[in-house]
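Close look at the chain arrangement
Residue strings, one per chain:
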Amino acid sequence: MSNDAATAIPAVDGPQGPQQEVPTHGLGASLPAADARAKTEGTFPYASDLWAEGLLWAAVLRSPHAHARVVSIDTSAAAEMPGVRAVVTHADVPGTATYGRTVADRPVFAADLVRHHGEAIAAVAADHPDTARLAAAAIAVEYELLDPVTDPEKAFAAPPLHPDGNLIRHIPLRYGDPDAVGEVIVEGLYRIGRQDPAPIGAEAGLAVPRPDGGVEIYTASTDPHTDRDLAAACFGLAPEQVKVVVTGVPGAMGDREDPGFQIPLGLLALRTGCPVKLAATREESFLGHAHRHPTLLRYRHHADAEGRLVKVEAQILLDAGAYAEASSESLAAAVAFACGPYVVPHAFIEGWAVRTNNPPSGHVRGEGAMQVCAAYEAQMDKLAARLGLDPAELRLRNAMATGDILPTGQTVTCPAPVAELLQAVRDFPLPALPMDSPEDGWLLPGGPEGAGEPGAVRRGVGYALGMVHMLGAEGTDEVSTATVKVHDGVATVICAAVDTGQGFSTLARQIVQEVLGVDEVHVASVDTDQPPAGPAAHGRHTWVSGGAVERAAKMVRTQLLQPLAHKFGMSTELLQITDGKITSYDGVLSTTVMEAMDGKELWATAQCRPHPTEPLDGAGQGDAFVGLAFCAIRAVVDVDVELGSVRVVEMAVAQDVGRVLNPAQLATRIEAGVTQGIGAALTENLRTPRGLVRHPDLTGYALPTSLDAPDIRIVTLVEERDVVAPFGAKAASAVPVVTAPAAVASAVRAATGRSVNRLPIRPQAAVAVPTA
């Protein structure tokens, strides 16, 4: 990846401007993460490093079938093995037998039916991890195989796979005149594959029984309070009898949100009275957590002769897999953003999420929005080709702006500099063509050992515009609580917001530095004894938890300044804190924060709750979103049009960020998001023939590596602050994930002349259309 991304950030658009000195602390500084050194040196304690005296090891037996009736389960052979301390099945769950964040439809252990490959059947605790795995394998399960329903289109007519039926949600969006017709019409059918979040570290945890009959669970949770409540219900315990302690999170994008790994741990700890540890294998990780929704999309775009959109019609079908997970909210995002960041006078969208016997789908960055972005941007390319227009020009003619209306009827009140973003990447200089020389062979698709010829390589340039919503949607009560304490020149932040890699811990330190002028700031570890802060998704913690930290810090600031203001007969608003010094507007007062503290301990607790939203109604209408973020990407690719191999040369990114809070951290988040999007575009596809996960490992599942990452040029970051958001900042990492796959597909389209209607792009789809 190019270093230009990091160096470009101080010179972005916005109030700071390139002439101002870059701060070294507080908001706007590239403050490094407190745990950065420990992580790079390998000393950071992750969940898999946990240990307790006398611990046992857990293993989970998972179904080898996608759909089957469970005739019998015989655990006797496993229970009699030396070293085995407990075996639990569905019959041993003392409380609620099912769980789920939105719909409690997923069993802790399969009882009568297995609904997907890898579903948990039983769990074992033993004194050695090998013993636990051998014992799990010794459990005899008799299955009656059933035909799996793996095609979501067939789920509508198939027998119910679940007592709740196969249809999870249907959203019919109706906006404008159904009889409106454009002079030019283009249609397309698109398929998006199953992307796995593929965390760096597989799931792990430790459960420790408590003397009061409760249990403590140490794990890499991203939403500890919800995990606690779900686990407590399954254990038959009160929530206060279960404590979840968040350990080192090795990155997360939704894959940490499934408590299916934690509940068996707690059951075994309660059964044995001993600490129990589970460290999942990579295969178990692939089988156990949720993936991005595979999606089928049918589109029809109407436009006038000048290329302005008249109407968009679409059908969107999300494959939820066996259980509901986050499918309802993913579908809402897909339907609401089905037209993209474009002005569309008339829109008619049908969206469905259905159950199948495929692995469960759930939260992955940009869920719902990424799938539709790939489809509507393909449609824009088709329109441009039909009208003979430049693809970027067509997009500019239809770009959304602040004050426009979404097809859901919601007015876009936040900054929406869509045209500005697109113009920035369009006008950015294109990369040079590689020279035809042996030493530059690695620049060709396939690398120096590739079988292609340089003469078969064509360059393509493509564009995409993406959008995501921030925070929860459709009436979700977003709230977070934070406490800030200051004593002896050291500040402590207590907030149950989990840092999953998005940098909240660093942001919290910067906020306190900015407000209180205290350099040394510590962020306490997270557990459920603290007030809830909600899940780490949709940029929530930057907005809601960061807002709570800021409010608490400002309350402490008032406590600090009030005695000085009273002494000098002025209001606290006339005092400012800069670089650890307190000064008055007239220069009469000048002292340090340490002197003003005078050994006192000051603290305050505050909450942040954004303005409410509402669910979409029966016509898909409603103010469902708190805020929106936008991104434009120009992709440059080289394609071997004989072999179909693709090399992404450069990704030029322009993003709507509201305000840059940490330049280096923001650059990293954008680069990571773009790279993840490239994986979805070219390599990542978890294949599940007849519902069976094929190659559930990092050898068979092709993640992009550093050699696959192109130059990522951050062209501009538009700092038009959202007035309703704390600090005016917007979510940063999801929108490049949403936009990048569509941009790569657009560039491959330009290079080959093919429609490219499937992600990831297969080699046969990147072979050029023969010319007469």
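It should be emphasised that the depicted structure is a prediction, and the values quoted were computed from it without experimental measurement. (Residues numbered from 1 in each chain as written. Predicted model: local features only at pLDDT ≥ 70, side-chain atom pairs only at ≥ 80, totals over all residues. Heavy atoms only, no water.)

Take the overall build of the protein chain next. Helix and strand counts for the protein chain stand at 16 helices and 29 strands. Its C-alpha radius of gyration of 27 Å places the protein chain within 12% of the 28 Å reference for a compact globule of 772 residues. In terms of overall dimensions, the protein chain has C-alpha extents of about 85 × 80 × 60 Å along its principal axes. Expressed as a percentage of the 772 residues in the protein chain, the buried residues total 60%. Surface accessibility of the protein chain: about 29,300 Å² in total, with carbon and sulfur atoms responsible for 52%. Separation between the mean location of the 59 positive side-chain charges and that of the 91 negative ones in the protein chain comes to 2 Å. (Helix = DSSP H or I, 4+ residues; strand = E, 2+ residues; numbered from the N terminus. Rg over C-alpha atoms; globule rule 2.2 N^0.38 Å. Buried < 20%, exposed > 50% of the residue type's maximum accessible area, 1.4 Å probe, protein only. Areas by Shrake-Rupley, 256 points an atom, 1.4 Å probe, with all protein chains shown as cover. Lys, Arg positive; Asp, Glu negative; His and termini not counted. Charge placed at Lys NZ, Arg CZ, Asp CG, Glu CD.)

Attention shifts here to the packing of aromatic side chains. Evaluated as defined, the whole model comprises 6 aromatic pairs. Arranged with centres 4.9 Å apart and planes meeting at 65°, the rings of Phe-44 and Tyr-46 form a pair that is edge-to-face. On the basis of relative accessibility, which here comes to 16%, the residue Phe-44 falls in the buried class. Ring centres of Tyr-342 and Tyr-376 lie 6.1 Å apart, and the angle between their planes is 90°; on these two criteria the pair is classed as edge-to-face. Of this pair, Tyr-342 sits in the loop between α8 (327–336) and β17 (346–355) while Tyr-376 sits in helix α9 (residues 369–387), and the two are 34 residues apart along the sequence. Just as Tyr-342 is buried, Tyr-376 falls in that class too. Between Lys-39 and the ring centre of Phe-44, over which it is positioned, the NZ or CZ distance is 4.9 Å. (Phe/Tyr/Trp six-rings, centres within 6.5 Å; stacked < 30°, edge-to-face > 60°. Lys NZ or Arg CZ within 6 Å of the ring centre and 35° of its normal.)

A few words on the pairing of strand β21 (residues 520–523). Relative to β21, strand β20 (residues 490–495) is paired through 4 bridges, and the arrangement is parallel. Looking at β21, one finds that Val-493 is bridged to Val-523. (Pairing = 2+ DSSP bridges.)

Turning our attention to the sheet that holds strand β23 (residues 581–584). The sheet built from 3 strands is open, its strands ordered β22-β23-β24 with antiparallel pairing. Both edges of this open sheet fall to β22 (575–578) and β24 (590–592), since each of them pairs with a single strand only. With direction set aside, neighbouring strand axes in the sheet form an average angle of 25°. As defined by bridge partners, β22 adjoins β23 across 4 bridges and the pair is classed as antiparallel. From the neighbouring strand, Ile-577 faces β23, where its bridge partner is Ile-582. Strand contacts of helix α13 (residues 540–568): β22, β23 and β24, with the helix running at about 125° to β22, the strand carrying the most contacts. (Axes fitted to C-alpha atoms, helices over the stretch in contact; angles between N-to-C directions. Contact = heavy atoms within 4.5 Å.)

The step from Leu-759 to Pro-760 runs through a cis peptide bond, and the omega angle for that step is 0°. Note that Pro-760 resides in the segment after β29 (758–759). Of note in this structure, Ala-198 is not a glycine but carries a positive phi near 45°. For Ala-198, the position within the fold is in the loop between β10 (184–192) and β11 (204–209). With a relative accessible area of 12%, Ala-198 lands in the buried category.

With that settled, the discussion passes to the confidence of the model for the protein chain. Parts of the prediction with low pLDDT should not have their coordinates interpreted in detail. Per-residue pLDDT for the protein chain averages 91, and the proportion of residues at 70 or more is 94%. Below a pLDDT of 50 lies the segment residues 1–19, which in the model reaches 43 contacts outside its immediate sequence neighbourhood of four places, other chains included. (pLDDT = per-residue confidence, 0-100.)

The next point concerns α9. Its 19 residues give α9 an end-to-end C-alpha distance of 27 Å, which sits within 8% of 27 Å, the value for a rise of 1.5 Å per residue. Of the residues one or two after α9, Gly-388 is the one with positive phi, at around 70°. (Expected span 1.5 Å × (residues − 1).)

Glancing now at the side chain of Arg-292. Along the chain, Arg-292 turns up in the loop between α7 (282–288) and β15 (295–303). No salt bridge forms around the buried Arg-292; measuring N to O, its nearest opposite-charge neighbour Glu-367 is 5.8 Å away. A distance of 2.9 Å separates a polar side-chain atom of Arg-292 from the backbone oxygen of Arg-365. Once residues within four sequence positions are removed from consideration, Arg-292 is found in contact with Arg-194, Gln-195, Ser-361, Val-364, Arg-365, Gly-366, Glu-367, Met-370, Gln-371, Gln-676 and Val-737. (Salt bridge = Lys/Arg side-chain N within 4 Å of Asp/Glu carboxyl O. Polar contact = N/O pair within 3.5 Å; in protein donor to acceptor, adjacent residues only side chain to side chain.)

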